[in-house]
Amino acid sequence: MARNPERRAALVDAAVEVLAREGARGLTFRAVDAEAAVPTGTSSNYFTGRDDLLHQIDARLHQRLAPDPAKLAELLTRPKDRTLVRELMHDLMARAARDRTGHLALFEMRLEATRRPALRESFTASVRGDLAQGMAFHRDTGLPGGDETVTVLYLAMLGLLLEHLTLPGVLDGVLPGITVPDALVDRIVATVVPEK
């Protein structure tokens, strides 16, 4: 198995691009090699098989889609109230806009996990870990609401991300005077998160 970490990272990022664009059926080593502009057969030297590649994509997406530590630190200097939660959700939407491909690949991973039991198990643990981390972050920083608030906010934002990144026209004009996604993020937070 090849050990060049930079090449491995580039191949995983290429795989994310292929997965987002072509779906799981198009995710082949040949397609990854072409996307990464490397000789055919390179990916097979870095990954033991398709399951290994999917697990590497999962790990990479957690890195790519994570909040910027500097931005997060700046936000956490503010009062721990509903306004801060709203700013955190706007940051999530901004990150989705910057890395639409990463979020689309994440949705594809969800679909592929329904077909692959081994991936379902590991991806469920990964996503559940993210949710648990979000709950702990919310509690530890003293944001309003508790685990139920975080869970409902998670579900609402996941739905918004799914619609906005895949079928943005679905939400346009659904609520008169509410722009998508910005005012809809505000409405979600106002509905879900208590004031204190």
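Along each chain, numbering runs from 1 in the same order as the chain's sequence is written. Since the coordinates come from a predicted model, pLDDT governs what is reported: local features require at least 70, and pairs of side-chain atoms require 80 or more to be given and counted, while whole-chain, interface and lining totals use all residues. Only hydrogens and water are removed before side-chain values are computed, so all heavy atoms of the structure are retained for them.

## A word on unusual backbone geometry
Right, so step 1: Residue valine 180 is joined to proline 181 through a cis peptide bond whose omega torsion reads 5 degrees.
Right, so step 2: Considering the arrangement of structural elements, one finds proline 181 in the loop between helix 9 (147-166) and helix 10 (182-192).
Right, so step 3: Despite not being glycine, alanine 37 has its phi angle at roughly 60 degrees, a positive value.
Right, so step 4: In this description a helix means any DSSP run of H or I spanning at least four residues, a strand means any run of E spanning at least two, and both kinds are numbered starting from the N terminus. Within the secondary structure, alanine 37 sits in the loop between helix 2 (29-36) and helix 3 (42-46).

## Description of the pattern of salt bridges
Side chains bearing opposite charge may pair, as long as their charged atoms lie close to each other.
Right, so step 1: Counted as salt bridges are all cases of a side-chain nitrogen of Lys or Arg within 4 Å of a carboxyl oxygen of Asp or Glu. Scanning the model with the defined rule gives 15 salt bridges in all.
Right, so step 2: For the salt bridge of aspartate 186 with arginine 86, the shortest nitrogen-to-oxygen distance reads 3.6 Å. Here arginine 86 lies in helix 6 (residues 82-98) and aspartate 186 lies in helix 10, a separation of 100 residues in the sequence.
Right, so step 3: Only protein chains enter the accessibility calculation, which uses a 1.4 Å probe; a residue is then buried when its area is under 20% of its type maximum, exposed when over 50%, and partly exposed in between. You can call arginine 86 partly exposed: its relative accessible area is 27%.
Right, so step 4: With its nearest N and O atoms 2.5 Å apart, the salt bridge here joins aspartate 147 to arginine 139.

## What about the side chain of histidine 138?
Right, so step 1: Among the secondary structure elements, histidine 138 is positioned in helix 8 (residues 117-141).
Right, so step 2: Here histidine 138 is in contact with Val85, Leu143, Pro144, Gly145, Gly146, Thr149 and Val150, once residues within four sequence places are set aside. Throughout, a residue-residue contact means that at least one pair of heavy atoms, one from each residue, lies within 4.5 Å.

## A few points about the packing of helix 9 against helix 10
Right, so step 1: It is the contact of helix 9 with helix 10, at a shortest axis distance of 10 Å, that shows an interaxial angle of 160 degrees. Here helix 9 is positioned roughly antiparallel relative to helix 10, judged by the angle of their axes. For the element pair helix 9 and helix 10, the recorded crossing hand is right-handed. Contact residues: Thr149, Val152, Leu153, Ala156, Met157 and Leu160 in helix 9; Leu184, Val185, Ile188, Val189 and Val192 in helix 10. Interaxial angle, 0 to 180 degrees, is taken between N-to-C directions of lines fitted to C-alpha atoms, where a helix line uses only the stretch in contact. Roughly parallel means an angle under 35 degrees; roughly antiparallel means over 145; roughly perpendicular covers 65 to 115; every other angle is labelled oblique. Each crossing is labelled by how the near helix is turned from the far one, with a counterclockwise turn of less than a right angle marking it left-handed and a clockwise turn marking it right-handed.

## Some remarks on the side chain of histidine 103
Right, so step 1: In this fold, histidine 103 is placed in helix 7 (residues 100-113).
Right, so step 2: With near-sequence residues (within four places) excluded, histidine 103 lies in contact with Leu65, Leu92, Arg95, Ala96, Leu161 and Leu165.

## Thoughts on helix 4 (residues 50-64)
Right, so step 1: For a helix, the expected span equals 1.5 Å multiplied by the residue count minus one. For helix 4, built from 15 residues, the straight-helix expectation of 21 Å at 1.5 Å per residue is met to within 8% by its first-to-last C-alpha distance of 21 Å.
Right, so step 2: Here the buried face of helix 4 lies against helix 1 (5-22), helix 2, helix 3, helix 7 and helix 8.

## Digging into the packing of aromatic side chains
Right, so step 1: Any Phe, Tyr or Trp ring, taking Trp's six-membered ring, that has another such ring centre within 6.5 Å forms a pair; planes under 30 degrees apart are called stacked, those over 60 apart edge-to-face, and the others tilted. Following the criterion strictly, the structure yields one aromatic pair and no others.
Right, so step 2: Here the aromatic rings of phenylalanine 29 and phenylalanine 47 are separated by 6.5 Å at their centres, their planes lie at 25 degrees, and the arrangement is stacked. Here the residue phenylalanine 29 occupies a position in helix 2, and phenylalanine 47 occupies one in the loop between helix 3 and helix 4, the gap between them amounting to 18 residues.

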